[in-house]
Structures are given as structure tokens and as C-alpha cells.
Amino acid sequence: MINDKRLINTFIELVKIDSPSGDEDKMAKEMGNRLEELGGRVETDSFGNVIANFEGVGEPLMLNAHLDTVEPGRGIKPKVGKIKIETDGTTILGGDDKAGLAIIIEAITSIKEKKLPHVPLEVVLTRGEEAGLLGAINLDYAKISTKKGVSFDGHGPVSNITVAAPGICPIDVTITGRAAHAGVEPEKGISAIEIASKIISELKLGRIDEETTANVGLIEGGSARNAVAERVHFKAEARSRNLDKLEAHLAHFKEVFDKYDKEYEEAVIEIQMERECQPYNFSEDHPMILEILKVCKTLDIKPSLEPTGGGADVNIFNGHGLEVVCVGTGDMDLHTKKEHLIIKDFIEAANFAVELILSK
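Note that this is a predicted model, so its numbers are computed, not measured.

A separate point is the packing of helix α3 (residues 95-113) against helix α9 (residues 343-357). Relative orientation of the contacting elements α3 and α9 amounts to 50°, with a least axis distance of 9 Å. The orientation of α3 relative to α9 falls into the category oblique. Crossing handedness for the pair α3 and α9: right-handed. Between α3, through Ala 99, Ala 102, Ile 103, Ala 107, Ser 110 and Ile 111, and α9, the contact on the second element is made entirely by Phe 346, Ala 349, Ala 350, Ala 353, Val 354 and Ile 357. Looking at the contact of α3 with α9, its residues break down into 11 nonpolar, 1 polar and no charged.

Tracing the chain through its elements places Val 80 in strand β4 (residues 79-80). Taking C-alpha positions, Val 80 is 8.8 Å from Ile 12, a pair spaced 68 residues apart along the chain. The contact partners of Val 80, leaving out residues within four places of it in the chain, are Ile 8, Ile 12, Ile 85 and Ile 343.

Of all 5 residues making up strand β2 (residues 50-54), 5 are buried, and the element is well covered by its neighbours. By the bridge criterion, 4 bridges tie strand β1 (residues 41-44) to β2 in an arrangement that is antiparallel. Paired with Val 42 across the strands is Ala 52, a residue of β2. The loop that links β1 with its antiparallel partner β2 comprises 5 residues; one of these, Gly 48, has a positive phi angle of about 100°. As paired strands, β2 and strand β6 (residues 121-126) are joined by 5 bridges and run antiparallel to one another. Bridge pairing links Phe 54 to Leu 121 in β6.

Right, let's talk about the packing of aromatic side chains for a bit. Evaluated as defined, the whole model comprises 4 aromatic pairs. Look at Phe 152 and Phe 352: their rings are 6.3 Å apart centre to centre, the planes differ by 75°, and that puts the pair in the edge-to-face class. Of the two residues, Phe 152 is situated in strand β7 (residues 148-154) and Phe 352 in helix α9; the sequence distance between them amounts to 200 residues. Each member of the pair, Phe 152 as well as Phe 352, is classed as buried. Residues Tyr 280 and Phe 282 carry aromatic rings whose centres are separated by 5.4 Å and whose planes lie at 65° to one another, so their mutual orientation is edge-to-face. For Tyr 280, a relative accessible area of 8% puts it in the buried group.

Attention shifts here to the sheet that holds strand β19 (residues 331-332). The antiparallel open sheet is built from 4 strands, whose spatial order is β4-β5-β20-β19. Edge strands, defined here as strands with exactly one partner in the open sheet, are β4 and β19. Taken together, the 2 bridges between β4 and strand β5 (residues 84-86) define a ladder with antiparallel strand orientation. By the bridge assignment, Lys 79 is partnered in β5 with Glu 86.

Bringing the sheet that holds strand β15 (residues 268-273) into the picture now. The antiparallel open sheet is built from 5 strands, whose spatial order is β11-β12-β14-β9-β15. A single partner strand is all that each edge strand has here, and the edge strands are β11 (206-209) and β15. Within this sheet the neighbouring strands show an average axis-to-axis angle of 20°, counted without direction. Sheet topology note: the β11/strand β12 (residues 212-221) ladder contains 3 bridges and is antiparallel. Bridging across to β12, Gly 206 finds its partner in Ala 214. This element, helix α6 (residues 243-263), spans β9 (167-176), β11, β12, β14 (231-240) and β15 of the sheet and lies at about 160° to β14.

A cis amide bond, omega -5°, links Glu 71 with the succeeding residue Pro 72. Its place among the elements puts Pro 72 in the loop between β3 (61-66) and β4. The residue after Asp 96, namely Asp 97, is reached through a cis peptide bond having omega 15°. Looking at the element boundaries, Asp 97 is found in helix α3. Despite not being glycine, Lys 115 has its phi angle at roughly 55°, a positive value. Here Lys 115 shows up in the loop between α3 and β6. In this structure, Leu 133 takes a positive phi of about 60° despite not being glycine. Leu 133 sits in the buried class, given a relative accessible area of 3%.

Thresholds, definitions, all that
Residues numbered from 1 in each chain as written. Predicted model: local features only at pLDDT ≥ 70, side-chain atom pairs only at ≥ 80, totals over all residues. Heavy atoms only, no water. Axes fitted to C-alpha atoms, helices over the stretch in contact; angles between N-to-C directions. Helix = DSSP H or I, 4+ residues; strand = E, 2+ residues; numbered from the N terminus. Parallel < 35°, antiparallel > 145°, perpendicular 65-115°, else oblique. Left-handed = near helix turned anticlockwise from the far one by under 90°. Contact = heavy atoms within 4.5 Å. Nonpolar A, V, L, I, M, F, W, Y, C, P; charged D, E, K, R; others polar. Buried < 20%, exposed > 50% of the residue type's maximum accessible area, 1.4 Å probe, protein only. Pairing = 2+ DSSP bridges. Phe/Tyr/Trp six-rings, centres within 6.5 Å; stacked < 30°, edge-to-face > 60°.

So, in C-alpha cells, the structure goes:
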């Protein structure tokens, strides 16, 4: 139903536009122009998210993807093969999520071209997804009229349907001790590195259970090899698809922090815990899941209902009462220089999008 060649060309054109998180202006303008040319009523909210509405018949549906990519995502040189699209190995490909953007454009182009009846559409393209779901968090929900939809932002084929995702809590810790010369008078110092090492060694990290993980991903501090480190900052996180388990693990983190705060009375341990998103779980008989399964059956796609350990715009949408489900786009090895897009899966996802938005 779609134009395979046009879909691939659109993707290639989009990945050649640099749009790492925080630098999405050109991509936002490009997508806004394309959606407007297709007849959409396009606007941006105060955060710069792009919202486009298309009139139709039936129950309205949201189509979502995000505008930004991770680094290294500048000067991408895509290579189209018979089976996959990849890069020259110096950057990511940007299929996360420009595959989603291209799928949405091709689906709407195809139905407009063939003058097929379709449901009312609300296309929501967010900024800063890779930087912490910032676009979805700051989206002007007063501008959103749809209550359900599909996000084209998953890994693997479109048959990968994400039915559950974790709540995520970033944790920022700053430890301030006291500097001293390490060779002359170390006893006058309080090592922030020593305190941090003790804290981290007691935190339960990695795979906690099938629904819960925790990690310390970044640490920095100190000033010189021969100076007792006055300051250390580290970033951690806890995430779980079960809210009670997430709360329990955050309580464990706090218990460890409190222990060393009391032990090192002259040091200052500052902790910021701010919930990024809540977990969500769709049952197999949820109306939106059933609608997606019906499309899969029509296209003879064998669905796979999967939980994930990652977060996405969908987490935030569902927290606002919008029933949006994430599906795959054909993209693989996301966030690495080995990222590649499986062409047959990419095409299948675009055909899925067309079938999804047709008026029934």
C-alpha cells in the first residue's frame, strides 16, 4: 500500500538533518513543513513540540515519534543495502526515532495520495525525548484532544508491542567533604571520594528482579592526585515496572545515604530524587491493544506483547491519561554505532500505520 522507495528516501533525508537532543530546531521545522504540505493544521507549543491535526471520520488517534537523537548523531552518512540501512560506523544511524518520523509521513502521504478515508489524526512530535522525556513532560496537554494512540519508537519489528514499562527515578548525589594536602596533612581532610565509594558499595545495583533495576552511571570529582577530594558528584537511577518495588528500592537508597550522612557529620551529602515517570501496564484485553492486534491480524503479522525496561514518551502520556502504545519501527542496536534499520520491518511498520489509521 505504501511507496517503499519514497519511505526509504524520506528516512535518508531526515537522518541527514542533525538533531541531537537540544538541537532539534531544523528537524522540527522540516517535519512541520512536511505535515503542513500534507494538509495538517500545524502548531508548536511553548516547549517547541510539533502538533499537527488532520480531519477525518471516526474516533481520533494520536501518532507519536520524537524529533531528537542521541550522540554521536551529527554528519550521519547512511548506507542503503538490500537488507538494512546502516552508517559508515562513525555515528549512530538515527533510526531512533527518525524511522518513526518517516513512517508517520509515509502513512499520511499514502492515504492522502489514494484519497482513502481515515480517522482524525493528531501527530505529536516531541523534543528532548533522549534527554529525559523532556518534550512529553513539558507538552501543552491543553492542546491535545486525542485520548489514545500509537508511538512509533520501539526497537525491532512493528510486531514488538510494548505492554509495560518501568517508572524511573533519577538520583543525583553531591558529597562535599573537606580539602587538604594528601601528602602533608591528609588527616585534616574529609575525602568525598571515600564517602562516595562506601555509599556505592552498599547500594544494591544491577538486576534486582525481573521488574526492577538500579544503576550508578556517572561519577566525577576531586581536583588533583595529591589533594584529598573535597567534592564528588554521581548520578544514579532506580526503575521498576512495579510501583511498590520502585518505592522499596528508593527507600533502600535513602537508608544507605542516611547511614553515611550520620557517620560523616562534618561532610554534606545532598540528594535529589525526582520521579521522571510512573510505570504503566496494559492488559492483553485493553481496547488499544485489541485494536493493534486486529491490525496485525489483517496484515498477517504475528504480534509479540513485551514488557520493557526502558522509558519513552508513552510513560508520560499514560501518566496524563492518554492510552498510547509503543510499537517497533525496524530499528536495531539503538544508541550505538552499529545501529541499523531492517528494511522489510521498516516497510511493514509503515503498512501497519496505514492500516491503523484507515476509517473502519
